[in-house]
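# Tertiary structure, described
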Amino acid sequence: MLLPSASLCIALFAFLDGVIAQQESLAGTNYPQVFDEGVDFTQLFSPKLTHIERWSQTSWNGLVTFARSNPLRCFGVDSAIPFDVAVLGAPFDTATSYRPGARFGPNGIRQGSRHLNVARINVPQKIRVTDFLEVADCGDVPMVLTDNKVALRQLELANAALLSRTSLRTHGDKSLAKDGKFHPRVLALGGDHTITLPLLRGVVDIYGPVSVIHFDSHIDTWKPQRMEDSPWEPGQEIPLSHDNYLWHAYKEGLLASNNTNIHVGIRGALDSWDDYRDDHEAGFVISHADDLEEIGWKGVVTKIRDTVGDNPVYISFDIDVIELGMAPATGTPEIGGITTREIKKILQGLSGLKIIGADIVEVAPGTSANLNIQESIATFSLLLAYDTQDEITQIVAANIGWHILALMAKTPLVA
Ligand SMILES: [Mn+2]
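Residues numbered from 1 in each chain as written. Predicted model: local features only at pLDDT ≥ 70, side-chain atom pairs only at ≥ 80, totals over all residues.

Identification of the chain as Arginase/deacetylase from Obba rivulosa is taken from an unreviewed UniProt entry.

Here you go:
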């Protein structure tokens, strides 16, 4: 049996003594209330903190919130603080059909948003979000990983709790909401696309059925049905997933009627031509990705606006709608997508629509986006990573969210 040498033992004890001594001296330290340069560090993680101080507004420091929005413990000590938009993470990816990893989406999108700021002017949209909206980042909803039904219920409850509050800003007595009050809006960061169903239930409860503008490569209205040779028993429920949640939304009466919902960027394969028949029954019009070539972004905007009319609108944005080379980190990748330049023009074209809520989903950056390649290999986390070291997908997703906030800022939810 090998015994450590006496000199090694002495060196080890000396080292541990040093560590203990250091920690003891730290424990007794009294930090000054106000730092020499006038910065109150004791406020940094205080529950009283509602605004990030000006000095911490650089892109690389401070708490990582969405586009430097205010971090709020919306379900805890800050629950009485009002806001107009809540950013809410939904780290869930256990109903995805190909690549998992969207559980890292909320964190990834926030990281991708570090160079954005809700207090800076969005030049093409000609607006500063914070002039019109108080945006709070409420963090992530805890979603269990072993039971999708329970996880989605957790999200549904959290979303409903936020939506039921009164927003900071009100606009007279002409609210779009059924109860006549002004409620905060939620910008959800997914998560796989399944999260849209509980999110839709929340907004429909407040506003009634909504027109969905669904940016995606895939229609997501597949009817859950048991195949002849399926492993499900006859009569056993086919679970909710990221490709059938819109069928459920239709069946639950969440979607506006008369085909006033639209998919944009569709290019995924089908199981049968009947899939399009079912999609039409669910209430959707389709704008294929090819439309960008054939009618251009202006034509796509016209198609969207003609479809949704004056209805309240919910935007559900699957990052896989973006050209794969510009957003590779996603669950079900498809080539031939919308470019980032085109999507900015399309989103600008939606100005004036009454956007009651939105989500950005299927961002699966993996875990190693912030590690260097050696660290990634050392921890095997490269195996989980679909994004590049440049955080490209996260940055695209974050910018989409920033533009959606600008659209929300432009149009209050007045009836
Ligand atoms: Mn989708």
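### Description of the overall build of the chain
Looking only at helices and strands, the chain features 11 helices and 11 strands. Within the chain, buried positions represent 46% of all 415 residues. Across the chain, the fraction of contacts at a sequence separation of at least 24, relative to all contacts at a separation of at least 6, is 76%. (Helix = DSSP H or I, 4+ residues; strand = E, 2+ residues; numbered from the N terminus. Buried ≥ 20, exposed ≤ 12 C-beta atoms within 10 Å, placed from the backbone. Contact = placed C-beta atoms within 7 Å.)

### Concerning the nonpolar core
Counting 103 residues, the largest nonpolar core has Ala86, Leu88, Val203 and Leu405 as its most contacted members. If you tally residues by element for this core, the top one is helix H11 (residues 392-410), at 13 residues. (Core = buried A, V, L, I, M, F, W, Y, C linked by C-beta atoms within 7 Å.)

### Focus: the packing of helix H9 (residues 340-348) against H11
Where H9 meets H11, the closest approach of the two axes is 10 Å, and the angle between their N-to-C directions is 15°. Considering the angle they form, H9 stands roughly parallel to H11. Every pair of crossing elements has a handedness; the one defined by H9 and H11 is right-handed. In this structure, H9 contributes Thr340, Ile343, Lys344 and Leu347 to the contact, and H11 contributes Val396, Ile400, His403 and Leu407. (Axes fitted to C-alpha atoms, helices over the stretch in contact; angles between N-to-C directions. Parallel < 35°, antiparallel > 145°, perpendicular 65-115°, else oblique. Left-handed = near helix turned anticlockwise from the far one by under 90°.)

### Considerations on the confidence of the model for the chain
Here the chain averages 87 in pLDDT, while 81% of its residues score no lower than 70. Note that residues 367-372 has pLDDT below 50 and, in this model, 18 contacts with residues that lie over four places away or in other chains. Scored below 50 in pLDDT, residues 376-384 shows 15 contacts in the model against residues more than four places distant or in partner chains. (pLDDT = per-residue confidence, 0-100.)

### Notes on the environment of Asn117
In this structure, Asn117 sits in the loop between helix H2 (105-112) and strand E3 (121-122). Spatially, the C-alpha atoms of Asn117 and Phe66 are 8.1 Å apart, while their sequence positions differ by 51 residues.

### Structural notes on the environment of Arg73
Relative to the assigned elements, Arg73 resides in the loop between strand E1 (70-71) and strand E2 (85-90). On the basis of neighbour counts, which here come to 14 C-beta atoms within 10 Å, the residue Arg73 falls in the partly exposed class. Separated by 66 residues in sequence, Arg73 and Gly139 have C-alpha atoms that sit 7.5 Å apart.

### Re helix H4 (residues 196-207)
A rise of 1.5 Å per residue sets the reference length of H4, with its 12 residues, at 16 Å; its end C-alpha atoms lie 16 Å apart and thus fit the reference within 8%. The element H4 is extensively covered by neighbouring structure, given that 10 of its 12 residues are classed as buried. For H4, every residue scored as buried is listed here: Thr196, Leu197, Pro198, Leu199, Leu200, Gly202, Val203, Val204, Ile206 and Tyr207. Those residues of H4 hidden inside the fold are in contact with helix H3 (148-163), strand E6 (185-190), helix H5 (245-251), strand E10 (313-318) and strand E11 (355-361). One or two residues past the end of H4 sits Gly208, with phi positive at roughly 90°. (Expected span 1.5 Å × (residues − 1).)

### A word on the pairing of strand E8 (residues 261-266)
Buried residues dominate E8, accounting for 6 of its 6 residues. Here strand E7 (residues 211-215) pairs with E8 via 3 bridges, running parallel. Directly across from Ile213, in E8, lies its bridge partner Ile262. Once you follow E7 into H5 and on to E8, the crossover reads as right-handed. As defined by bridge partners, E8 adjoins strand E9 (residues 284-288) across 5 bridges and the pair is classed as parallel. Within E9, the residue paired with Ile262 across the bridge is Val285. Once you follow E8 into helix H6 (residues 274-282) and on to E9, the crossover reads as right-handed. (Pairing = 2+ DSSP bridges. Right-handed = clockwise from strand over helix to strand, strands pointing away.)

### As for the pairing of E10
By the criterion of burial, E10 is predominantly enclosed, with 6 of the 6 residues buried. Across the two faces of E10 the burial is the same, with Val313, Ile315 and Phe317 and Tyr314, Ser316 and Asp318 all buried. Judged from the 5 bridges that link them, E7 and E10 form a sheet pairing that is parallel. Its bridge partner lying in E10, Phe215 is registered against Phe317.

### Side note on unusual backbone geometry
For the peptide bond that leads from Gly190 to Gly191, omega is 10°, which places it in the cis range. Following the sequence through the fold, Gly191 ends up in the loop between E6 and H4. The backbone of Ala67 shows a phi angle near 45°, a positive value even though the residue is not glycine. Relative to the helices and strands, Ala67 is located in the loop between helix H1 (6-27) and E1. A positive phi angle is found at Asn258, which is not glycine, with a value near 60°. Note on placement: Asn258 falls in the loop between H5 and E8. C-beta crowding within 10 Å serves as the criterion here: with 10 such atoms nearby, Asn258 is assigned to the exposed category.

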